[in-house]
Amino acid sequence: MTATAERPAAEVGKDRRRKEDQRLVTGRTRWTDNLTLPGMVHLAMVRSPFAHAKISSIDASAAKSAPNVVGVFTGADFGDELGVCINAWPITPEQVTPNHSPMPADRVAFAGEIVAVVVARTAAEARDAAELVDVEYDELPAALDLKEAANDTVLSHPDSGTNKSALWVFDSGEAGTGGDVEQAITKARADGIVIEREYRQQRLIPAFMEPRSVVVDPTGEQLTMWSATQIPHILRFALAATTGVPESKIRVIAPDVGGGFGGKLQATPEEWIAWAVARRIQKPVKYTETRSESLQSAHHGRDQWQKLTLAATKDGTVTGFKVDLLADLGAYVAIVGGGVPVLGAFMFNAIYKFPSYRFSCQTVLTNKAWTDAYRGAGRPEATYAVERIMDELAAEVGADPLEIREKNWIPHEEFPFTTVAGLTYDSGNYEAATAKAKAMFDYDALRAEQKKRRDAGDPVQLGIGISTFTEMCGLAPSRVLGTLDYGAGGWEHASVRMLATGKVEVVTGTSAHGQGHETAFSQIVADRLGVPFEDVEILHGDTQVSHKGLDTYGSRSLTVGGEALVRAADKVIEKAKPIAAHLLEANVDDVEFSAGTFSVKGTDQGKTIQEIALSTFAAHDYPEGIEPNIDAESTYDPVNFSFPHGTHLCAMEVDTETGQTTMRKYVACDDIGTIINPLIVSGQVHGGLVQGIAQALWEEAVYDDSGTLVSGSFVDYLLPTAADTISFDIDHTTSPSTTNSLGTKGVGEAGTIASTPAVVNAIVDAVRHRGVTDILMPCTPERVWKAINSSGPGGSTEAAAMPHFDTEEPGTSSTEGAGA
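The rules behind each value
Once a new chain begins, its residue numbering starts again from 1 and follows that chain's sequence as written. Predicted model: local features are reported for residues with pLDDT of at least 70 only, side-chain atom pairs are reported and counted for 80 or more only, and whole-chain, interface and lining totals are derived from all residues. With hydrogens and water set aside, each side-chain value is computed from the structure's full complement of heavy atoms. One speaks of a salt bridge when a side-chain nitrogen belonging to Lys or Arg is within 4 Å of a carboxyl oxygen belonging to Asp or Glu. Secondary structure elements are taken from DSSP: a helix is a run of H or I of four residues or more, a strand is a run of E of two residues or more, and numbering for both begins at the N terminus. Relative accessibility decides the category of a residue: with a 1.4 Å probe and only protein chains considered, values under 20% of the type maximum give buried, values over 50% give exposed, and everything between is partly exposed. Only residues whose relative accessible area exceeds 30% and that form no salt bridge are eligible for patches; like-charged ones are grouped when within 9 Å, while nonpolar side chains (Val, Leu, Ile, Met, Phe, Trp, Tyr) are grouped when within 5 Å. What sets the accessible areas is the Shrake-Rupley method with a 1.4 Å probe; for residues, cover comes only from the shown protein chains. All tallies of charge rest on Lys and Arg as positive and Asp and Glu as negative; His and the ends of each chain are not included. In plain terms, the charge of a residue is placed at NZ if it is Lys, CZ if Arg, CG if Asp and CD if Glu. Between the rings of Phe, Tyr and Trp (Trp by its six-membered ring), a pair exists once the centres lie within 6.5 Å; its type follows the angle of the planes, with under 30 degrees stacked, over 60 edge-to-face, and the other angles tilted. Throughout this description, the term charge over a ring refers to an Arg CZ or Lys NZ atom that lies within 6 Å of the ring centre and within 35 degrees of the ring normal. Contacts described as polar in this section are N or O atom pairs within 3.5 Å, which, within protein, must combine one atom able to donate a hydrogen with one able to accept it, while residues neighboring in sequence count only if both atoms come from side chains. In what follows, a contact means two residues having at least one pair of non-hydrogen atoms within 4.5 Å. This arc is taken over the directions from the axis of the helix to the C-beta atoms. The pairing criterion is simple: DSSP has to find at least two bridges between the two strands. Each axis is a line fitted through C-alpha atoms, taken for helices only over the stretch in contact, and angles between the N-to-C directions span 0 to 180 degrees. To form a nonpolar core, buried Ala, Val, Leu, Ile, Met, Phe, Trp, Tyr and Cys residues must be joined to one another through side-chain atoms within 4.5 Å. How far a helix is expected to stretch is found by multiplying one less than its residue total by 1.5 Å. Reported orientations rely on four angle classes, namely roughly parallel under 35 degrees, roughly antiparallel over 145, roughly perpendicular from 65 to 115, and oblique for the rest. Under the scheme applied here, ten amino acids are nonpolar (Ala, Val, Leu, Ile, Met, Phe, Trp, Tyr, Cys and Pro), four are charged (Asp, Glu, Lys and Arg), and all others, including Gly, are polar.

(A) Just the pattern of salt bridges, in detail. As enumerated under the stated definition, the model contains 52 salt bridges in all. In this structure, R447 engages D765 in a salt bridge whose closest nitrogen and oxygen atoms are separated by 3.2 Å. With R447 in helix α15 (residues 443-456) and D765 in helix α21 (residues 750-767), this residue pair connects regions lying 318 residues apart in the sequence. R447 sits in the buried class, given a relative accessible area of 16%. Of the residues examined, D765 reaches a relative accessible area of 12% and is grouped as buried. A single network of salt bridges, built from pairs that share partners, joins R47, R212, E270, E289 and E293.

(B) Region of the structure containing a negative patch on the surface. Side chains of D59, D134, E136 and D138 sit close together on the surface and give a patch of like negative charge. Counting residues per element, the negative patch draws most heavily on strand β6 (residues 134-139), at three residues. Structurally, D138 is set in strand β6. By relative accessible area, which is 43% here, D138 ends up partly exposed.

(C) View of the packing of aromatic side chains. Scanning all chains against the criterion turns up 17 aromatic pairs. Seen in terms of ring centroids, F170 and Y357 are 6.0 Å apart; in terms of plane orientation they differ by 40 degrees. Their pairing is tilted. With F170 in strand β7 (residues 164-171) and Y357 in strand β15 (residues 357-365), this residue pair connects regions lying 187 residues apart in the sequence. Three or more aromatic residues joined by ring pairs make a cluster, and in this case those are W168, F346, F348 and F359. Across the ring face of F533, the terminal group of R16 is positioned such that the distance to the ring centre comes to 4.0 Å.

(D) The side chain of S478, seen in detail. Within the secondary structure, S478 is located in helix α16 (residues 478-483). Polar side-chain contacts of S478 include one of 2.8 Å to the side chain of D637. Leaving out residues up to four positions away in the same chain, S478 has contacts with G489, G490, W491 and D637.

(E) Local environment of helix α13 (residues 401-408). Looking only at α13, the buried set comprises P401, L402, I404, R405 and N408. Each buried residue of α13 lies within a common arc of 160 degrees when the element is viewed along its axis, so the set occupies one face. Elements that come into contact with the buried residues of α13 comprise β14 (318-330), α12 (379-397), α14 (430-441), α15, β18 (460-470) and α21. One side-chain oxygen of the residue at the start of α13 lies 2.7 Å from the amide nitrogen of L402, identifying that residue as D400.

(F) Up close: the sheet that holds strand β2 (residues 53-59). In space, the three strands of this open sheet follow the order β4-β2-β6, with antiparallel pairing throughout. At either end of the open sheet lies a strand with only one pairing partner, and these are β4 (107-108) and β6. Bridge count for β2 against β6 is six bridges, and the pairing is antiparallel. Paired with D59 across the strands is D134, a residue of β6.

(G) Region of the structure containing the environment of G75. Within the fold, G75 resides in helix α3 (residues 75-78). Other than its neighbours up to four places away in sequence, G75 contacts M103, A105 and V115.

(H) View of the sheet that holds strand β23 (residues 597-600). In space, the three strands of this open sheet follow the order β22-β23-β24, with antiparallel pairing throughout. Each edge of the open sheet is held by one strand with a lone partner, namely β22 (591-594) and β24 (606-608). Within this sheet the neighbouring strands show an average axis-to-axis angle of 20 degrees, counted without direction. Sheet topology places β23 next to β24; three bridges connect them, and they run antiparallel. Note that in β24 the partner of T597 across the bridge is T608. Lying over the sheet, helix α18 (residues 557-583) contacts β22, β23 and β24, oriented at roughly 45 degrees with respect to β23.

(I) Layout of the environment of T363. Within the fold, T363 resides in strand β15. Sequence separation between T363 and N163 is 200 residues; the distance between their C-alpha atoms is 8.5 Å. With near-sequence residues (within four places) excluded, T363 lies in contact with I91, N163, K164, S165, A166, A327, L329, G338 and P341.

(J) Spatial organisation of unusual backbone geometry. Between F415 and the following residue, P416, the backbone shows a cis peptide bond with an omega angle of -5 degrees. Looking at the element boundaries, P416 is found in the loop between α13 and β16 (417-418). A cis amide bond, omega -5 degrees, links M777 with the succeeding residue P778. Its place among the elements puts P778 in the loop between α21 and α22 (781-788). One non-glycine residue, A207, adopts positive backbone phi at about 50 degrees. Along the polypeptide, A207 turns up in the loop between β8 (193-204) and β9 (213-217).

(K) Molecular detail of the nonpolar core. Counting 130 residues, the largest nonpolar core has V277, F321, F348, Y357, F359, Y666 and V759 as the members making the most contacts within it. For V759, the contacting residues outside a window of four places in its chain are C650, M652, M663, Y666, I693, A696 and L697. Core analysis: the second largest hydrophobic core is formed by 38 residues, F521, A564, A576 and Y636 among them.

(L) Main features of helix α9 (residues 269-281). Between its first and last C-alpha atoms α9 spans 18 Å; for 13 residues at 1.5 Å apiece the expected length is 18 Å, and the two agree. Counting buried positions along α9 gives 11 out of 13 residues, so the element sits mostly inside the fold. Taken as a whole, α9 has its buried residues at P269, E270, E271, W272, I273, A274, W275, A276, V277, A278 and I281. The positive-phi residue at the C-terminal boundary of α9 is Q282, with phi of around 55 degrees.

(M) Just the packing of α12 against α13, in detail. Closest axis-to-axis distance for the α12/α13 pair is 8 Å, and the angle between their directions is 110 degrees. As judged from the angle between their axes, α12 and α13 are roughly perpendicular. Contacts from E387, M390, D391, L393, A394 and V397 of α12 reach α13 at P401, I404, R405 and N408. Classifying every residue of the contact of α12 with α13 by side-chain character gives six nonpolar, one polar and three charged.

In C-alpha cells, the structure reads:
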C-alpha cells in the first residue's frame, strides 16, 4: 500500500441517509413488544380511577378464576421486594419526597396509579381478568389546582404535612455573578420601566410513537430486562440499588426504541412490577401499555406558573430580571422531576447581558400524573418567559422587538462570556443568525404588509413573532452536576475495536431512540480512522455490550458521547503507530497518519490502519514491549456545557372575527456548531419545530374537577399531523463550540425551545392593537377570540356573543382568554 492512495471523501458534513432506516421502514425492527420468549406470560395493570383515595380492600378471586390466569398480585404481596421508584435529583436537602412505591398497598395519589397486576397466558386474557379485580376505595380530597396546592388547601400526601416539595433560589447578588435585582427594580420604578407578567406553561404529554413496553427474563444466572427506555445503564443501576439484586446479575437492553422526548427518561412502576413478578413466578413476563395508559400514567411535562418582573431603562436596556415559578411535580418527585425547572434557572437570562437576576422555584406536589423531562426540560419554559417579556418591553418602549433584543444581547466579540446566571458561553454570533433569518424571512416586507393591514382595518391581521434563543446542551459536567446535588455524573464512555478483517466496531454508552446515532457516529469514526463509512458498526443500548454509559437525554449524545468516540479513535491511532513504525522499519517519530494510512515522512511507503489491525491480530511481527492490541476506549467528562443558539421568525395570520390562526411563514436559523449530518439535523429541527408549535396552538393535558384526565386519548389530546403544519425554511450559521474537538453543540431540542414563543409572540403581535398582551396556551380559536373581545385588561368575556364554531377544539376544557 502506498501513502499516496486516494483519500476517502470526508464524512463529517455529508448528507447520509440513516443506517437505521432500512430495518425500520421494512418492518424488521426490534421493538420490545416484538419479543417472544419461551414460556412467557403477560401482565395487565389494575389502575385507580380516583386521583386520591385509600385502598380499603382488593378482591382478586374472580380474576384468579378467569381463563389462563397465572396469578394476581398487589403491593402487599411483595412488600420491600418490590423496590421503589427513585428520585435522582433532590434539589435541596430539605426536599419533601413522598415514598413512591411502584404499586402502593394503602393509598393512591393520582388517577391511573397501579394497585394490582394480573398475570395470564396472553395479553388479552390478562386485560380481561384485570376488569374482574374488585377494589374498594375511600375517596379523599384531591389537590389539583397548582396555586391552591401551593397554599396547602388540600394535601396531596397527608403524611407529608405540606404540598411544598422544595424551594430553590438563585440570586446573582448573593452569588457574586451580578447585581441586586431588587435594587434594579426599585430604581426602574422611579425613573425607568418595570414590566410584570404572569405566564402559564400548560401540562403536556410526551406522546412518543411507541408505547412503553418491558420484558423480563428471570431464568438463568442473570436477570435480563428489555425495555423501551432512554436510560438502560441508569435503569440497571436503579434496579440494583432498590431491589437488592447485584448489578453484575442484571442486564438491561434497550432495543429499537420508538421515540422518547424525555418521556422514557424514567424508572417506571411498570418496569419494577414486571421485574418483581418475573422473579416471583420464575417465568419471563411482558407488559406493553395501551395508548390510553400511556397518556394517563407515563410522566407528563411542563406545568408551571411563571411570575416575571423585568426592570429596564426608558430606552429599553434591561437592568434586572426576577423570576418566581410554581412548578407542578404531580403526585411524586420523578427521577429528575424536581431538577427540570432548575435547569431552566440558568437560561432565563438567555442571550442577554442582564446585570442582575433572581430566580426562585417552588416545586409543588399535586394529585396528578407526575411530571419530568419533556423535550427541552426547563429550557423551553425559560425561553418562552424571557422571549415573551422582551416583546412586552419592546411594546412599552415603542421599538421593534428585534431592536430591543439587539440592544441587550451579548455581542459576538465578547465571547467567551460569563452570564449573570454564572455560566460561561463559549461561542456564539447572535448578529449573524439574526441577519440571515431576517433575510430569509423578508422581515421588512412583512412588517410593511402588517402595517398596511392594520391601517386598512383588515379583519385578518398579520403578526410577526420573534424568538432569539440559546440553550445549555450536553447535560454533562460531573462537577457542575455535583454542585446541584444531581445523583449521577455526566461523563460518557466509548470504545473502538479494530477487527482483523478491517471492519470497526464502536461501542457507545449513549442509547438511541430515533436520533440517528448509528449514522452520525459512523461518519465521525470513519473520518477519524480513514475507513469506509460502511465498515463501521455502532453497538449500543445493551449493558452487557456497552458496560459503561450514562445514556441519552439533554442533547448530550453528540457533544459528550461523540467526543468520547473521537478520543477513543485517536487512542487507536496512537496504539497502532508504533506497530506501523515497526512494520515500516522506521522510527516512530517519522511515522504520520492521514486518511487511514500510516506513512514514513518523505517516502511513498505506508500501511493502512486495516493492515495494521490484521497484523496485530496475527501477532507474528510486532515490537517488543507492546501488546498485540490496538483497541481503545475513552471516558469523557466535559468541563462545560455547549450553547447552541438561533433566531426564529414566525408570521401568523389571525382572523379577528373568529379567532382562527393560520401560520403564514416560519424561518429558523440555528447555530449548532459543526454539523455532522445535515440531513439528520434537518429532521431534528423540523420535528422539534412541530412539537414547540403544538404547545403554542394545540396540545394540553386537561383534568376535570375530580382529577380524571379528560384528554386521555388522541381524540382529546390534539397532536398535529403534517397536514396541520407548513413547510419551514431552515438554515444555519456556524460558530463552533470550543469545548469539544468536533466543535458540535447539539440540536435535538432547539426547534422545540425556540418555536413556542415565536408563535405566541406572532399571535399577540397580530392583535396587540386590540389591547391583547397575552393568550393562554394553547392559543385555540376560542381563546384568541375571547382575548380579542375582552371588555378590558383582565376583564370578563361573558358579555360578548361568541361566534359558532363547527368543531370544538380537543383538549381545551379551560377556555379563559387572557387580555391584559
